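Structure assessment
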Amino acid sequence: MGCGKLWAMSSTDTVAAHTAPQPPDSVWRRLRRDPQALCGLVLVSGFILLAVAAPLLTPLNSSTQYPEGLTATGMPMPPGTTLTVGGARHTFWLGSDTLGRDLLTRLLFGARFSLSIGLLAMATAIGVGALVGLSAGYYRGRVEFVLMRLTDVMLTVPALILAIALVAVMPRGSLHFHLLGAERELPRELINMFVVIGLVSWTGVARVVRSETLRVSAMEFVQAARALGCGHARVLFRHVLPNVLPTIVVLASLGAAGAIVMDAGLSYLGLGVRPPHPTWGKMIADGQPYLVTAPWMILAPGLAVVLVVLGFNLLGQGLQNALDPNRRERT
Amino acid sequence: MINATDKQLAWRRAGVLGRRLSSRLLWGAVTLLCTTGIVFSLLNLAGDPAQAMAGEKADKKTVEQVRVQMGFDRPLPVQLAKYVARVARGDLGESSFYRRPVAELLLQRLPFTIALALGGLLVWVGIGVPVGVFTALRRDTWIDRLVLVLAVLTYSVPTFWLGRMLQHALAYRHAWFPVGSFGGPANLVLPSVCLGLSGVGYYARLVHTNMVDVLPSEYVRTARAKGLTEWVVLWRHAFRCAMLPVVTVLGLDAARLLGGVVFTETIFAWPGLGSQMVQAIPNLDIPLVLGTVLFAAALVVVSNIVVDLLYFWLDPRLRDEGLV
């Protein structure tokens, strides 16, 4: 098409002049100077590291019920108890639950489920929402009418209530597959959860992305790109999308927070990844009858959810301020 | 219409309002029919309703029996058309557990959910609005920053965890409030606070942002220049304008409020729609689950219409549209 070179020229001339996408280093500098955003970044990356390194951090199994983990009367051990488990000394840093399982181990492996479901659900919601929003805002006309009415209709159904209904009818069980030479097992609910949470939460993304796309599409450099003979797809993905991307990044961070809360909620109701797999929501549900005798059972997973969600929310807000300094001055 | 009398003007205003209301009602009905179609299709695509109703461990024969009995063996478009037609007549089917019409079960629980939602809304607005106005006036001070962090914290705490903690601290340890269930107005306090706290931070920020936008505007300066007291300038002039976007969001957030109701009702054993839906899942009562989803959507549509009318009343520009 010969449009690539022209695009490169037009973008340096006009994109910089009109929308001024932030050079990445200045965004990073602003983010680094914002204590809240930094806090969010530390929390989020910390939890991701803990989840990835889970097998290195604990010698125990997340679903094994250790008889040593219970007192003589069958009560869970309080946090910090050191015992001999399977011939080796082990400290139950967060205590044990009513089945003698190590809470820290369950929390770490639970982070793998919570975070992967949260991030995959967010990616699904962003993927669908951004595609709908971009198409509606760029093509306008009939496409916009149909897509935005669909969004309006979906917005009338409370996301959580629809998610509960969908998860309730979905097939459950295990998926078996070969990876890296070993037979592996994945709970099917993991896939159910992220697909459902993604499918019920794309509407907000679509609305915001559409209004951003409308704003960007009206700018001169977009019309210039069209005039230079670039195809719609090229204009949309090479010119419009990069300018909508900052908004999408912010929505992604806030969306991950929402998805993790929803996953915890559905697991709390017993609709998430099934036992004995550890999930934070189910751990809260399991712990609540023992709030008086073993408060650590409900406090630890609850605080984990709060901290990770707080992290994503703070990071999202920090990104918003860093990517859009004008807004920052207003608020 | 310079010479129109007050009475004529009032009639015309009523006409504008009536047209707007009727178009909103019609649009709401169309939306709900579309919602019914989409939700029904999604539910059938996501899983097998016959299997879900028969139970996970049911044998093939039972599943097939349920499938024929409930009409799930028909082609999906036929089922869809039948279901939408039934819903349009107000028939949501029969609960497979209670053996009673779903609509009846839902209407029985509705007053409780509405009471709780209004209680939650009161907490949202009752705390969120004053805090937002206050922080807008004390902008960029330490208290403003502190409130900002607290605000983020309030919407990061999951409702179900917060609810348990509140219940434990305020109803169990110190018996200041009833632990749960329904027995009188005191039973409504804790669930409302639990439901409301999740939105307080968000509304405080929203009001804050809007007030900060409005305060330096010209008509606020004009109001001050007229010699009005600061109190009147703030609440009669700036605040009213700052509330317009807040009211819009409030309409959209009716859906969020109803989602929060599910956990709050479950934890406090509040006999509303949410706890009934949660109980319907282990009962494999798919008609009741589906009915609750559609009913919740209807509630959202109705609340959006109410907000639209509220907007109409708040914003004189809209009210007088096409009159002058």
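Residues numbered from 1 in each chain as written. Chains lettered and ligands numbered in written order. Predicted model: local features only at pLDDT ≥ 70, side-chain atom pairs only at ≥ 80, totals over all residues. Heavy atoms only, no water.

**Observations regarding the domain arrangement of chain B**
- Taken as a whole, chain B is organised into domain 1 (6-88) and domain 2 (106-282).
- One C-alpha centre belongs to domain 1 of chain B, the other to domain 2 of chain B; they are set 31 Å apart. (Domains from an automatic or database assignment.)

**Some remarks on the pattern of salt bridges**
- This model, assessed by the stated rule, comprises 17 salt bridges over all chains.
- Between A:Glu212 and A:Arg215 there is a salt bridge, and its shortest N-O distance comes to 3.1 Å. Here A:Arg215 and A:Glu212 lie together in helix 9 (residues 203-217), a separation of 3 residues that amounts to about one turn.
- By relative accessible area, A:Glu212 is classed as buried at 18%.
- Notably, a salt bridge pairs B:Arg86 with B:Asp91, separated by 3.8 Å at the nearest N-O pair.
- Overall, the relative accessible area of 30% leaves B:Arg86 in the partly exposed class. (Salt bridge = Lys/Arg side-chain N within 4 Å of Asp/Glu carboxyl O. Helix = DSSP H or I, 4+ residues; strand = E, 2+ residues; numbered from the N terminus. Buried < 20%, exposed > 50% of the residue type's maximum accessible area, 1.4 Å probe, protein only.)

**Considering the confidence of the model for chain A**
Residues and elements named next belong to chain A.
- On average, residues of chain A score 84 in pLDDT, and 90% of them are at 70 or above.
- Ranking the helices and strands of chain A by mean pLDDT puts helix 5 (residues 103-139) first, with 93, and helix 1 (residues 3-18) last, with 39.
- Across residues 1-18, confidence stays below pLDDT 50; counting only partners more than four residues off in sequence or on other chains, it has 21 contacts. (pLDDT = per-residue confidence, 0-100. Contact = heavy atoms within 4.5 Å.)

**With respect to the pairing of strand 2 (residues 88-92) of chain A**
All names here are of chain A.
- Sheet topology places strand 1 (residues 81-85) next to strand 2; 5 bridges connect them, and they run antiparallel. Bridge pairing links Val85 to Ala88 in strand 2.
- Where strand 1 folds back on strand 2, the antiparallel hairpin that results is connected by 2 residues, among which Gly86 adopts a positive phi of roughly 55°. (Pairing = 2+ DSSP bridges.)

**Observations concerning the packing of aromatic side chains**
- Applying the stated rule across the entire model yields 13 aromatic pairs over all chains.
- With centroids separated by 6.3 Å and ring planes inclined at 70°, the aromatic side chains of A:Tyr268 and B:Phe263 adopt a geometry described as edge-to-face. Of the two residues, A:Tyr268 is situated in helix 11 (residues 232-268) and B:Phe263 in helix 11 (residues 254-267); the pairing between them involves two chains. A single burial state applies to A:Tyr268 and to B:Phe263, both of which are buried.
- An aromatic cluster is defined as three or more aromatic residues linked by ring pairs; in this entry it consists of B:Trp124, B:Tyr155, B:Tyr202 and B:Tyr203. (Phe/Tyr/Trp six-rings, centres within 6.5 Å; stacked < 30°, edge-to-face > 60°.)

**A look at empty space enclosed by the protein**
- In total, this model carries 2 cavities of 30 Å³ or more according to the counting rule given.
- Of the pockets and cavities examined, the largest cavity occupies roughly 60 Å³.
- A:Ile161, B:Thr113, B:Leu258, B:Val261, B:Val262, B:Leu273, B:Gly274, B:Thr292, B:Ala296 and B:Leu299 together form the lining of the largest cavity.
- Of the residues belonging to the lining of the largest cavity, the class tally is 7 nonpolar, 3 polar and no charged. (1 Å grid on protein atoms, 1.4 Å probe; cavity = no way out; pocket = protein on both sides within 12 Å on 5 of 7 lines; lining within 4 Å. Points joined across faces, edges and corners; volume = space filled by probe spheres on them. Nonpolar A, V, L, I, M, F, W, Y, C, P; charged D, E, K, R; others polar.)

**Details of the environment of B:Val63**
Residues and elements named next belong to chain B.
- As for its position among the elements, Val63 is in helix 3 (residues 60-70).
- Note: C-alpha distance between Val63 and Asp48 (15 residues apart in sequence) is 9.7 Å.
- Apart from the residues lying within four places of it in its own chain, the contact partners of Val63 are Ala50, Gln51, Ala54 and Ala58.

**Some words on the interface of chain B and chain A**
- Tallying the contact residues gives 49 residues for chain B and 46 residues for chain A.
- Roughly 4300 Å² is buried in total at the junction of chain B and chain A, and carbon and sulfur atoms are behind 78% of that figure.
- For the interface between chain B and chain A, the tally reads 0 salt bridges.
- For the pair chain B and chain A, the number of links is 4 residue pairs in polar contact (both at pLDDT 80 or more).
- Elements with a contribution of two residues or more to the side of chain B that touches chain A: helix 1 (6-46), helix 6 (142-154), helix 7 (159-173), helix 8 (186-214), helix 11, helix 12 (273-280) and helix 13 (286-314) of chain B.
- By residue number, the principal contributor to the side of chain B that touches chain A is helix 1 of chain B, which donates 9 residues. (Buried area = accessible area lost by both parts, 1.4 Å probe. Polar contact = N/O pair within 3.5 Å; in protein donor to acceptor, adjacent residues only side chain to side chain.)

**Here's the deal with the nonpolar core**
- Ranked by internal contacts, the top residues of the largest apolar core, which has 136 residues, are A:Ile164, A:Val240, A:Leu266 and A:Trp280.
- Considering every element that reaches this core, the biggest residue donor is helix 11 of chain A, with 17 residues.
- Residues from two domains meet in this core; each of domain 1 (6-88) and domain 2 (106-282) of chain B gives at least three.
- With residues up to four places along the chain from it excluded, the contact list for A:Ile164 reads A:Leu266, A:Leu269, A:Leu271, B:Val262, B:Met277 and B:Ile281.
- Judged by nonpolar contacts, the second largest core, of 28 residues, contains B:Ala136, B:Leu206, B:Val207 and B:Leu215. (Core = buried A, V, L, I, M, F, W, Y, C linked by side-chain atoms within 4.5 Å.)

**A word on a nonpolar patch on the surface**
- Together, A:Phe145, A:Val146, B:Leu26, B:Trp27 and B:Val30 give the surface a local cluster of nonpolar side chains, amounting to about 510 Å² of exposed area.
- The element best represented in the nonpolar patch is helix 1 of chain B, accounting for 3 residues.
- Tracing the backbone through its elements, the reader meets B:Leu26 in helix 1.
- For B:Leu26, a relative accessible area of 61% corresponds to the exposed category. (Patch = residues over 30% accessible without salt bridge, like charges linked within 9 Å, V, L, I, M, F, W, Y side chains within 5 Å. Areas by Shrake-Rupley, 256 points an atom, 1.4 Å probe, with all protein chains shown as cover.)

**Points about the side chain of A:Glu189**
Residue and element names in this part refer to chain A.
- With respect to the secondary-structure elements, Glu189 resides in helix 8 (residues 188-200).
- There is a polar contact of 2.9 Å between the side chain of Glu189 and the backbone nitrogen of Arg274.
- When residues no more than four places from it in sequence are discounted, the contact partners of Glu189 are Arg172, Gly173, Gly272, Val273 and Arg274.

**A closer look at the environment of B:Gly259**
- Along the chain, B:Gly259 turns up in helix 11.
- By relative accessible area, which is 7% here, B:Gly259 ends up buried.
- Residues B:Gly259 and B:Gly274 lie 15 residues apart in sequence; the distance between their C-alpha atoms is 8.1 Å.
- Not counting the four nearest positions on each side in its chain, B:Gly259 is found in contact with A:Pro158, A:Leu160 and A:Ile161.

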